[in-house]
Amino acid sequence: MNFKMDKKNNVSLHQNTNKMATNRTFTMLKPDAIENGHMGKILSMIIDAGFTIKAMKYTRLTEAQAGAFYEVHKERPFYGELVSYMTSGPIVAAILEKDNAVEDFRKLIGATDPAEAAEGTIRKYFAESKGRNAVHGSDSDENAAIEGAFHFSANEVF
Ligand code: UDP
Ligand code: MG
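Residues numbered from 1 in each chain as written. Chains lettered and ligands numbered in written order. Predicted model: local features only at pLDDT ≥ 70, side-chain atom pairs only at ≥ 80, totals over all residues. Heavy atoms only, no water.

Asks: Please explain a nonpolar patch on the surface as it appears in this structure.
Replies: Together, Ile 47, Ile 53 and Met 56 give the surface a local cluster of nonpolar side chains, amounting to about 250 Å² of exposed area. Along the chain, Ile 53 turns up in strand S2 (residues 52–59). You can call Ile 53 partly exposed: its relative accessible area is 31%. (Patch = residues over 30% accessible without salt bridge, like charges linked within 9 Å, V, L, I, M, F, W, Y side chains within 5 Å. Areas by Shrake-Rupley, 256 points an atom, 1.4 Å probe, with all protein chains shown as cover. Salt bridge = Lys/Arg side-chain N within 4 Å of Asp/Glu carboxyl O. Helix = DSSP H or I, 4+ residues; strand = E, 2+ residues; numbered from the N terminus. Buried < 20%, exposed > 50% of the residue type's maximum accessible area, 1.4 Å probe, protein only.)

Below is the structure:
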């Protein structure tokens, strides 16, 4: 983890995100996806959809990392469960590149709740539930840059 996701740190965050362009997004294959053996299939779907991998690591989040990553949800009732789920096993974190990356990737993963996810989406195929939903995708260019810099240092991004 390189930076705290605190608004006060925005200046230093953005000084370190010069490799992140607006055609990039950030993803995590979450612990349920790895545990259920879906890592390869999900990566294939991502690559087949035209995304290029600019950075990738297989790692396990600490409680501090998961807590900071999802800090925006701190007051929500599911926050505690979310942090313990996200630290329950290894994840794959990656920075992806494609035209219109953020929006196209959100379309590829589908709605947060698999019951509402469109046919053919990653969450429709692989999510267990609204909480254990297989994959993360950034929701804006700004958050993609922040989240990418949170997990990768500049020399890990290609
Ligand atoms: N989440 C949950 N319960 C909810 C909403 C969200 O457990 O009612 C979890 C779920 O893993 C989700 C993550 O919190 O992916 C972040 O929520 P967000 O609303 O940002 O959904 P996303 O952007 O991942 O679709
Ligand atoms: Mg979100």
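Asks: Whenever I open this one, helix H8 (residues 141–151) confuses me. Can you help?
Replies: An α-helical turn contains 3.6 residues, so a residue and the one three or four places further along point in the same direction. Where burial is concerned, most of H8 is hidden: eight out of the eleven residues are buried. Among the residues making up H8, those that are buried are Ala 144, Ala 145, Ile 146, Glu 147, Gly 148, Ala 149, Phe 150 and His 151.

Asks: I tried to follow the pairing of strand S1 (residues 24–29) on my own but got confused; where do I start?
Replies: Residues in a regular strand project their side chains so that they alternate between the two faces of the sheet. A large share of S1 lies buried, amounting to six of its six residues. Of the two faces of S1, the one carrying Arg 24, Phe 26 and Met 28 and the one carrying Thr 25, Thr 27 and Leu 29 are both buried. Of the strand pairs in this sheet, S1 and strand S3 (residues 91–97) are connected by six bridges, and their pairing is antiparallel. Paired with Thr 25 across the bridge in S3 is Leu 96. Inspection of the sheet shows S1 paired to strand S4 (residues 135–137) by three bridges, in the antiparallel sense. Directly across from Met 28, in S4, lies its bridge partner His 136. (Pairing = 2+ DSSP bridges.)

Asks: Whenever I open this one, the site of ligand 1 confuses me. Can you help?
Replies: Close to ligand 1 lie Lys 30, Tyr 70, His 73, Phe 78, Leu 82, Arg 106, Thr 112, Arg 123, Lys 130, Gly 131 and Asn 133. Contacts to ligand 1 include Arg 106, whose side-chain N or O atom sits 2.8 Å from an oxygen atom. Between ligand 1 and Thr 112, the relevant distance is 2.5 Å, taken from an oxygen atom to a side-chain nitrogen or oxygen of the residue. Its free accessible area being 500 Å², ligand 1 has 81% of it covered by the protein chains. Looking at the shell around ligand 1 residue by residue, the class counts come to three nonpolar, four polar and four charged. (Near = heavy atom within 4 Å. Polar contact = N/O pair within 3.5 Å; in protein donor to acceptor, adjacent residues only side chain to side chain. Nonpolar A, V, L, I, M, F, W, Y, C, P; charged D, E, K, R; others polar.)

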